[in-house]
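# Structural overview
Listed here are the chains, written in short residue letters.
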Amino acid sequence: MYKPILNQKPQYNSLTNSIAAADFNEDGFLDMVVTNYGSHNIGILLGKGDGTFQNQITYSTGIFSHPYFVLVNGFNGDMRKDIVVANYGSNSLELFFGIGNGFFTSQVPFAVDNCRPVLIAVGDFNNDSLLDIAAANYDTNNIGIFLGYGNGSFQNQTVYTTELGSRSHSIAVGDFNRNSRLDLAVVNSGKDSMAIFYGNGHGTFANQKPNSGSDNLGVFVYNEKGDFASINIYSTGYGSTPQFVIVGNFNNDHRMNIAVANNDSNSVGILMSDRTIAFKEQIVYSTGSDSQPSSVTVGYFNNDNKKDVVVTNN
């Protein structure tokens, strides 16, 4: 078993950057995992069931790894919660396999070719009932797809460009054209844009084609010939610098909509499905002067059975 550091209080200058919740020790109480960007590790905080947590147990992600984002799911078929981390500093993804008692074993990180991964998402992109991973690679202006084998290992990264200077910063998964194939929404902070990649169900996606200008969203649709075509461009606003994207059904029409945190324009943009394979023009909601929203999530917060949006402001 990979040796953790036990009962450690939060470290000075740890720069906690991402958080996820799950029941890691199977006691019926939610626990947390955080990425400590500054101290190059992840921290596990086991819940006591009363809203408080034990001191964090830390696992190293490697020297100068700068872990940026964390997700929880099951990757090796043992029905226990595992953790996948995007290490910005070491250009790698790293898996920690849960053993059901709150502790984890570690797999050697798998490299992503100097891509600087910042955000990751999971889904079954090739319809083999096994989880795959998608990563937004900030420095190399692309996304990476890792198809899973179901045993905790993955194929080498397949890369799709998001345009020179795009600075891909976040990625989300959804079936936007309702064909039972998972698609990807990617925000490009360097181009003030967002792109949607429609999947063909075999684990492959379109390369984003450069648009005539920035501040827009390009949509690429798979056709029967195996080609993709750009059909629509959506503005995210001049100087918006989108940081985070999430998918949800905001109007109860059984279609996926998109929410984007626009950091530099101090706003959240909502793109609603127009009942075809396209989206309506972005609806912008201010988050306040100098708020610089960096993340967004959805959930039911007032018990009216309508999804709400929560934003974190820097």
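Per an unreviewed UniProt entry, the protein carries the name VCBS repeat-containing protein and comes from Rotaria magnacalcarata.

Most of strand β20 (residues 242-248) sits out of view: 7 of its 7 residues are buried. Where β20 meets strand β21 (residues 257-262), 6 bridges bridge the pair, whose relative direction is antiparallel. Across the sheet, proline 242 pairs through a bridge with asparagine 262, a residue of β21.

Moving on to the confidence of the model for the protein. Looking at the protein as a whole, the pLDDT averages 83, with 86% of positions reaching at least 70. Mean pLDDT values for the elements of the protein range from 45 in strand β19 (residues 228-234) up to 96 in strand β7 (residues 82-87). Note on residues 209-213: pLDDT is under 50 here. Beyond four places in sequence and across chains, it has 7 contacts. Here residues 218-232 is a poorly scored stretch, pLDDT under 50, and it has 41 contacts once near neighbours within four places are set aside; other chains count.

The next point concerns unusual backbone geometry. Positive phi, normally seen in glycine, also occurs at asparagine 127, with a value near 55°. Of note, asparagine 127 is situated in the loop between β11 (117-123) and β12 (132-137). Of note in the backbone geometry, aspartate 290 takes a positive phi value of approximately 60° without being a glycine.

The strand order across the open sheet formed by 4 strands is β11-β12-β13-β14, and the pairing between neighbours is antiparallel. Each having just a single partner strand, β11 and β14 (158-161) make up the two edges of the open sheet. Going from strand to strand, the sheet's axes swing by 20° on average, the running direction of each strand aside. Bridging between strand β13 (residues 142-146) and β14 involves 4 bridges; their strand directions are antiparallel. The partner of isoleucine 143 across the bridge, within β14, is tyrosine 160.

With that out of the way, let us pick up the nonpolar core. Residues Ile133 and Leu184 are the most contacted members of the largest nonpolar core, which totals 43 residues. Top element by residues in this core is β11. It accounts for 5 residues. Residues lining this core come from more than one domain, with at least three contributed by each of domain 1 (17-111) and domain 2 (113-207 + 218-313). Apart from the residues within four sequence positions on either side, leucine 184 is in contact with Phe125, Ala134, Ile143, Ile145, Ile171, Ala172, Val173, Phe176, Ala195, Ile196, Phe197 and Phe205.

Reading the values: the criteria
- Residues numbered from 1 in each chain as written.
- Predicted model: local features only at pLDDT ≥ 70, side-chain atom pairs only at ≥ 80, totals over all residues.
- Heavy atoms only, no water.
- Buried < 20%, exposed > 50% of the residue type's maximum accessible area, 1.4 Å probe, protein only.
- Helix = DSSP H or I, 4+ residues; strand = E, 2+ residues; numbered from the N terminus.
- Pairing = 2+ DSSP bridges.
- pLDDT = per-residue confidence, 0-100.
- Contact = heavy atoms within 4.5 Å.
- Axes fitted to C-alpha atoms, helices over the stretch in contact; angles between N-to-C directions.
- Core = buried A, V, L, I, M, F, W, Y, C linked by side-chain atoms within 4.5 Å.
- Domains from an automatic or database assignment.

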